[in-house]
Amino acid sequence: SINDVIVFLFLICSMFGIAWHQQKLELFYDEEELTASDFSIKISNPPRDAYDPKEWKDYFLQKFGAEAAYISIVLDNLELMANLAKRKKLKEKLQVLLLPLADVKHKGMSIQELFSDTSDLNPNAQKVYDEVLECNEICREQLSKEYRVKRVFVTFQKESYQRDVLAKLTVGKFNILGQRVPSTSYPLFRGNRVLKAKESSEPNSIRWGDL
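### Description of the pattern of salt bridges
- A full pass over the atoms with the stated rule returns 7 salt bridges.
- Of the charged contacts in the structure, one is a salt bridge between Arg140 and Glu137, with a shortest N-O distance of 2.6 Å. Taken together, the positions of Arg140 and Glu137, both in helix α5 (residues 123-143) and 3 residues apart, correspond to about one turn of that helix.
- When its relative accessible area of 49% is taken as the criterion, Glu137 is described as partly exposed.

Below, the structure is given as structure tokens:
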């Protein structure tokens with residue numbers, strides 16, 4: 001009946017109205033409490049050789065009129081970072097084993113110098129020292145490699161810059177996967193790259209202990 005149609009249309013309009021109102025409230029409360037992510041974006045599909053922060057700064061300034069305060073280039077070197085973290089922990093462990101046994105004359109010595117003077121005092125130090133040397137070789141080999149750019153984090157001078165950049169860069173998944181230009185006005189990176197950009201995560205949402 002006509003009454004049912006009217007009720008149905010009223011419910012549909014109400015749902016859209018509530019959704020619109022919630023978005024406005026979300027934006028209002030977000031602007032009331034500024035955080036680092038309100039000024040930052042993450043680009044997940046940069047060209048693998050886009051190492052130069054100046055190139056990114058120039059891109060955002062020329063295409064959007066947005067001044068970037070900081071550019072962080074993330075390389076695909078997770079294994080190297082894990083080995084560097086392991087090396088640091090091993091060196092700290094070795095110091096713990098050696099320093100309590102060393103006298104004042106060892107102050108300021110390197111680990112190698114300290115080890116040569118006090119290794120005979122702690123049998124466990126030899127094993128850890130060998131692990132440090134092995135880890136040094138692995139890290140040295142990995143540092144000689146060239147790593148591709150995996151992600152780029154950009155922090156802008158103003159929150160309005162971030163919103164404007166996201167509004168212009170946000171496109172559908174098919175455009176990103178197929179690198180299809182959505183419109184002639186889309187700000188391509190290097191003239192041929194459709195970027196996948198979104199607001200970066202809050203610092204307290206990152207599991208820093210796993211990095």
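### Some points on the nonpolar core
- Grouped together as the largest cluster of nonpolar side chains are 24 residues, with contacts concentrated most on Trp56 and Phe60.
- Contributions of two or more residues to this core are made by β1 (40-43), α2 (53-64), β2 (68-75), β3 (149-156) and α6 (159-169).
- Setting aside residues up to four positions removed in sequence, Trp56 forms contacts with Ile43, Pro46, Pro47, Ala50, Ile71, Ile73, Val152, Phe189 and Leu195.
- In this structure, Leu90, Leu97, Ala125 and Val132 belong to the second largest nonpolar core, which totals 10 residues.

Procedures and definitions
Residues numbered from 1 in each chain as written. Predicted model: local features only at pLDDT ≥ 70, side-chain atom pairs only at ≥ 80, totals over all residues. Heavy atoms only, no water. Salt bridge = Lys/Arg side-chain N within 4 Å of Asp/Glu carboxyl O. Helix = DSSP H or I, 4+ residues; strand = E, 2+ residues; numbered from the N terminus. Buried < 20%, exposed > 50% of the residue type's maximum accessible area, 1.4 Å probe, protein only. Core = buried A, V, L, I, M, F, W, Y, C linked by side-chain atoms within 4.5 Å. Contact = heavy atoms within 4.5 Å.

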